[in-house]
Amino acid sequence: GSGLAQVNWIQGAAADIAGYIVYLANPLGGWDSIDYVSGISNTTYTNLFSAAGTRSEGYSIAAVDNCGNTSAIGVGHNTIFLSGTLDKCSADLTLTWNGYSGWSGGVAGYSIYTNLNGNDTLLGTTSATTFVHTNLTKDATFCYSVSCYDGTGKSSTSNRFCIVANVTRPPA
């Protein structure tokens, strides 16, 4: 991934929607308007100034009608920020991420993927926000991502975290 947050939402039900205001959570717990997406059916936004590759970010949306009236800001959702800690002696990598929030039914689970030699592979699933990938191959480059899901088809994917497995193997 690019490290930029991409936000997707469901099209508003009102026929007179002119567009949507995109909000970014600020450090004081409020919302800052960062952009406007024109058109009722344009429901995807990529924040070109996003720092989602280095931290979790919160986003929300409000609809604007043809007369300029703005709806209430919707429920906030956050990006998933993934990082990892390598234990060089055991050749284990502990992946950690923040929990996703924003779905009324909550998160059903997280799927952990790795990419080695260009192929994405599901490592496992969990309801926790940590996962240990064991027995890494010495000097191989591993890239990881985490996707959460809610059981109704919604999902959100983390940033991509890559590491060279600079591990020490004990003498045979």
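One can find the structure itself at the top, above this paragraph.
So, here is what we can say about the structure in this document. (Residues numbered from 1 in each chain as written. Predicted model: local features only at pLDDT ≥ 70, side-chain atom pairs only at ≥ 80, totals over all residues. Heavy atoms only, no water.)

Before going further, it helps to examine a nonpolar patch on the surface. Together, Leu 4, Leu 48 and Phe 49 line one region of the surface with nonpolar side chains, adding up to about 380 Å² of accessible area. Here Leu 4 lies in the segment before β1 (6–8). For Leu 4, a relative accessible area of 31% translates into the label partly exposed. (Patch = residues over 30% accessible without salt bridge, like charges linked within 9 Å, V, L, I, M, F, W, Y side chains within 5 Å. Areas by Shrake-Rupley, 256 points an atom, 1.4 Å probe, with all protein chains shown as cover. Salt bridge = Lys/Arg side-chain N within 4 Å of Asp/Glu carboxyl O. Helix = DSSP H or I, 4+ residues; strand = E, 2+ residues; numbered from the N terminus. Buried < 20%, exposed > 50% of the residue type's maximum accessible area, 1.4 Å probe, protein only.)

Below, the discussion takes up unusual backbone geometry. A negative phi angle characterises most non-glycine residues, just as the trans form characterises most peptide bonds. For Ala 91, which is not a glycine, the phi torsion comes out positive at approximately 65 degrees. Here Ala 91 shows up in the loop between β7 (82–87) and β8 (92–97). With a phi angle near 65 degrees, Asp 139 is a residue other than glycine that sits in the positive phi range.

Strand order in the open sheet made by the three strands is β7-β8-β11, with antiparallel pairing throughout. Only two strands of the sheet have a single neighbouring strand rather than two, namely β7 and β11 (130–133). When the angles between neighbouring strand axes are averaged without regard to direction, this sheet yields 20 degrees. Bridging between β8 and β11 involves four bridges; their strand directions are antiparallel. (Pairing = 2+ DSSP bridges. Axes fitted to C-alpha atoms, helices over the stretch in contact; angles between N-to-C directions.)

A covalent bond between the sulfur atoms of two cysteines is what we call a disulfide. For the coordinates displayed, the defined rule picks out one disulfide. Note on cysteine connectivity: Cys 143 is disulfide-linked to Cys 162, with sulfurs 2.0 Å apart. Where Cys 143 bonds to Cys 162 through sulfur, the torsion about that S-S bond is close to 110 degrees, and the disulfide is right-handed. Here Cys 162 lies in strand β14 (residues 161–164) and Cys 143 lies in strand β12 (residues 141–149), a separation of 19 residues in the sequence. No disulfide involves Cys 148; its sulfur sits 20 Å from the nearest other cysteine sulfur, which is in Cys 162. (Disulfide = S-S within 2.5 Å.)

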